[in-house]
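What the coordinates show
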Amino acid sequence: MGPTRARHRGGGPLTAPFLEIQAIEKRWSHDVTVGPITLDIARGEILALLGPSGSGKTTMLRLLAGFETADAGRIAVANEDVTAVPPARRRFGMVFQHYALFPHLDVGDNVGFGLPKSPDRDARITAALGLVDLAGFARRKVHELSGGQQQRVSVARALAPEPRVLMLDEPLSNLDPALRERTRHELREVIKRVGITTVFVTHEQEEAFDLGDRIAVLNQGRLEQVGAPDVLYEHPANLFVATFVGRANVFRGNAARALGGNGKGILVARPERLRFSEAGLPGVVRERRYVGAAAFFLIESDDHQHFEVLAEPDAARVGQRVYVEATRVIAL
Amino acid sequence: MIRPRRSELAAAGLTLILAWVVIYPILVVGAAAADTAALGAFVMRPGEWAALWASVWISLVSVVLAAAIGIPLAFLFEWFDFPGRKTLGSLIALPVVLPPLVGVIAFLFLYGESGFIARAIQAALHLENAPWRLQGAAAILLVHAYSMYVYFYLFTRAGLAKLDVAMLEAAQALGADRRATLGRVIVPLLRPSLVGAAMLTFLTALGSFSAPYIFGGGFRVMTTQIVATKLNGDLPLAMVETVALAIVAVAGLLILRRTEGDDILVALGKGIAPRPRPIRRASVRWLAATLGWGLAVLLLLPHLTLALVSLVPYGAWTTEILPPVVNFDNYRRLFSEAERLRPMLNSLWMAAASTVVAVVLALAAGWLVVRQRVWLRRLIEGLLALPWALPGTVFAIALAITFSVHAPLQLRFVLVGTAAILPLAYLVRALPLTGRGILAAYRQLDPSLEEAAASLGAGRWRTLTRVTLPQLRPGLAAGASLAFVAALGDIVASIVLYTYETRPVSIEILSSLRIAETGVAAAFGVVLMLVSALVLGVGARR
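Residues numbered from 1 in each chain as written. Chains lettered and ligands numbered in written order. Predicted model: local features only at pLDDT ≥ 70, side-chain atom pairs only at ≥ 80, totals over all residues. Heavy atoms only, no water.

Here we come to the interface of chain A and chain B. Listed as interface residues are 20 residues of chain A and, on the opposing side, 18 residues of chain B. A buried area of about 1700 Å², summed over both sides, lies between chain A and chain B, and 61% of it is on carbon and sulfur atoms. Broken down residue by residue, the surface that chain A buries against chain B is led by Ala-88, His-104 and Phe-113 of chain A, which jointly contribute 33%. For Glu-451 of chain B, the salt bridge is made with Arg-62 of chain A, and the minimal N-O distance between the two is 2.6 Å. Only β6 (92-95) and α4 (147-159) of chain A provide two or more residues apiece to the side of chain A that touches chain B. (Contact = heavy atoms within 4.5 Å. Buried area = accessible area lost by both parts, 1.4 Å probe. Salt bridge = Lys/Arg side-chain N within 4 Å of Asp/Glu carboxyl O. Helix = DSSP H or I, 4+ residues; strand = E, 2+ residues; numbered from the N terminus.)

Dropping the structure here:
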C-alpha cells in the first residue's frame, strides 16, 4: 500500500499547513525502509502516529526531531526548510518515552535546561511547572518523583523553551493503567491550553483516539491512512486499518453475501454492528466472554469462519444455533 | 545507516595513536628479538629457562593461594551477618588499591629478618640470629597471596551478589540439599567470576616485580631477569626475554579464556540476591566476628608497621624491640630537602599528565565506539585493553628500545632520557583502566539524555559538559583515580626508564633502602599510601 493509494478522506488539514512533511524517507537497509511519507499538519493540531511495533512511527518522530537524517524528502515548519537543521537548532520540543530527565539535575534545572540565562529564567521555570501542576517542585530531586510526576516534568521541560512543535514518544506507556487515563486528559488539556502543534507516537488505539485530532496509521514503514478518529473507524481505507483500528470481523465469500455484500471482495463488520436475528448468517455460539455491560459471543459460521458479536449478556447461550445480521458493514 | 565520514576519520586517527603507543613498540621488539645470537644464548642458558619456569609456577601457585583465601572470605562476608561485617568487608579489600611496592616494603619491615616480628621472637628466645630469612620463592608467594586474594574476594562477592535468590529456592524446591545446591547451581553460576579473578591474579603475579625484586635474592623470575639483563647492557637478550614473557602471558590468557564458558550464565543473573543470614548461635557469631577482626588486623599490620618505621629517625633503632625514639623527623626531611621533595613532585606531575591524556583518549574512544559505532570499534577496544594483558616489564623494555632511536620515518624518536618517556609508559598502563571505566559508563548512558539536551537547544560542547560528563563521572573518576594511583606507585616501568632528573618516588624508596635510610623509605611509603587512599576515596565518591 503506497501512500498515494492511501485514501485521505477527511484527511486534509483544517487550515494552511504549519508542519509539512514531503516524501520523507529513511532507508535502514535495502529491505527495511520507512517512507516515502507525505503529511501536512496544521498549526495547533494534535497528530497521532499510530502503528504496531516496527511500523516506522518512532523513526518518523526521530526524523522530525532531527535525531535521524532523512535519505530523501523535505521537512518544513512555518515555510522554513528544517531538513538539514540539527536538533539543537530546530526548536522542536521532545518528550521521551522514558522521559530522559537528567538525573544529576533537580526538577528546576531540568526544566530550565533549554532556557537562556536571563532575568526571567526562574519565572519561566515556575510558569512551566505551574502549567503541569507541579508548582513548588523546582528543588526536588528527579528520582524522588513518581512516574506520573516525572512524565509531567518532562512535558514542562519540553514546553519551557516555547518550541514550535511538541513531539511525544509513547508518552503514557510507562504509567500504570489507572494513571494513564487521567494523565491523558491532563496532557490534552495542557497541549490545548498552550495551543502548540503536536505530534505523538503511540501503539494504542484508545490513546490515539483520545488525544489526537487526527491519526496517521503506519504499517511496515508506509502511511496507510490519515484522518480523524471516526473517519478511520467508519471508513477505513484498507483491511489493515480496519483491523488495526478497533475490533473487526472479516467476512469472505458466502458469509459476506449473507450479510449483504455483493460476494466479490471483503466485508468488515464491527462486533457492535452485528446482532442476533431471525434470519441472516447462520452459525453456532462457541464461546461467551462476559465484559459487564455486554458480552462478546464467538460464533462459528457453517463454513467455519469465526467472528464476534457484541450483544446483551443474555442474548444467547453457548452451543445455541443463531442467525446474525449486520446493521452496518464496510466493503473493501 | 549512513554515518558521517568525520567520525570514521577521527576513529582512524585514534587507532593510529593507540597503535603507535601500545602495539608498535612491541612489534619493534618482536622484530629485533629475531636475533640468532641472542636467541641461541636464551635457549642454551639454563638460568633463562629456570626464570621462565619460575614465573609460570609462581603465578599458578599464587592463583591457588589467592583463591584459597579469597573465596571462603567472600562467602563469609556475603552470606553471614555478624558484628562489624560492613566495615571489615571493605577494609580487607584495601591491599589491592595500594601500590605494590608499598605493600612489599611494609611486609619487609614486619616479617623481614630484621622486621618487627623477627626481632620480637629473637629477643624472646634469646637467639643469636634472626629466626628466619624472608627470601626466595616462599617469600614471594607469601606476598602474592597476601595482596592478590583480594581479586578472588571481590569477584566472588560480586558474583554472589548477582545470584538470584529465586534460583536457589528453585533448586531447593526441586529437592536439592545444601551441598547439591552449591555444587550444581552456585559454583556453575560463579564460574565466570572465578575465571575472571584467576585471570587477573595470574597476570598480576606474572607481571609482579617488586616482590621478586625485594625478596627474590638469588631466585629469579622473568621480570627481574629482564631488568637485570637490561642493566647488564645485554639488550638483544633482554628483548628475547621480553618476548618470551609476553608469549607466556598471552598463552595463559588464552587458556583461561577457554575455560570461561558461556556468557549466558551471567546474563541470566537478574533478580534479588540472597540476604546475608544472621548467625543464630551466639558463640559462632562471636567466633566469626573475632576471626574477621583478627584477619583485618593481620592484613593491616604491615601498613601500621610502615607508619611506625616512618616515625623512627635515622640510626635510632638498632637492637631494641620497640623503637626508642619516635618523631616526625623523616617527614620533615622529606618536605624540606629539595633532593627528597623532587621525586614526590616528579611522580605527582607525571602521574597527573599520563592520567589526563589517558582520560581524554578513553573519552574519545567511548564516543567513537559506543555512540558512533565506528567501523574500527573492535580494534580500538582491543588496543585499549591490551596493556592489561601484558606484564609492565614488557612495555617498559619495548618503549626503551623503540624510543631510543631517532628515525622519524619509522615514527621513532629519542624519548628515553627525556621527561616524556615515563609519562608515556604510565599512559600505556593507564589506558585499560580509564578505557574500561569510561566505556562501561558510556554503555550505561541512555542516549536519549543527549538527544534531550539537543532537542532543548544545547550544542555539542554544552551537551558534553552539562549532560554527558556529569553522567560519566563515576566511571571516569574510578578509572582516572586507579590510573593515577598506579602511575604514582609504579616501579616496573620506572626502574627501566628513569633518569636521575625524573626519578619517581618508587626509585627513591629503593635507593633509600639501599643506604639503610629505612625511616625515609617508610615515610615515602606512607605518603604514597595516603595520597593513593585519598585519590581513590575521591574517585569512588558517588
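So much for the structure itself; the text now carries on.
On to the packing of aromatic side chains, then. Following the criterion strictly, the structure yields 16 aromatic pairs over all chains and no others. Considering the side-chain rings of Phe-42 of chain B and Trp-49 of chain B, the 5.6 Å spacing of their centres and the 55° angle between planes classify their relative orientation as tilted. Assessed through its relative accessible area of 5%, Phe-42 of chain B is described here as buried. A relative accessible area of 43% places Trp-49 of chain B in the partly exposed class. Measuring from centroid to centroid gives 5.2 Å for Phe-75 of chain B and Trp-79 of chain B, while their planes differ by 90°, and the two rings are edge-to-face. Of this pair, Phe-75 of chain B and Trp-79 of chain B both sit in helix α4 (residues 46-79), four residues apart, which is roughly one turn of the helix. In terms of burial, Phe-75 of chain B and Trp-79 of chain B fall into one category: buried. A connected cluster of aromatic rings, assembled from ring pairs, spans Trp-20, Phe-403 and Phe-413 of chain B. For Lys-26 of chain A, the ring lying beneath its charged end belongs to Trp-28 of chain A, and the centroid distance is 5.2 Å. (Phe/Tyr/Trp six-rings, centres within 6.5 Å; stacked < 30°, edge-to-face > 60°. Buried < 20%, exposed > 50% of the residue type's maximum accessible area, 1.4 Å probe, protein only. Lys NZ or Arg CZ within 6 Å of the ring centre and 35° of its normal.)

Counting buried residues in strand β10 (residues 222-227) of chain A gives five out of six residues, a clear majority hidden from the surface. Where strand β9 (residues 214-219) of chain A folds back onto β10 of chain A in an antiparallel hairpin, the turn is made up of two residues, including Gln-220 of chain A, whose phi is positive at roughly 50°. (Pairing = 2+ DSSP bridges.)

Here the focus is the sheet that holds strand β17 (residues 321-326) of chain A. The strands making up a sheet are joined through hydrogen bonds of the backbone, oriented either antiparallel or parallel. Residue and element names in this part refer to chain A. Ordered by their spatial adjacency, five strands build an open sheet running β13-β17-β14-β15-β16, and the pairing between neighbours is antiparallel. Unpaired on one side and paired on the other, β13 (274-277) and β16 (306-311) mark the two borders of the sheet. The average angle at which neighbouring strand axes cross in this sheet is 50°, direction not considered. Taken together, the seven bridges between strand β14 (residues 281-290) and strand β15 (residues 295-301) define a ladder with antiparallel strand orientation. Residue pairing across strands places Glu-287 opposite Leu-298, the latter belonging to β15. (Axes fitted to C-alpha atoms, helices over the stretch in contact; angles between N-to-C directions.)

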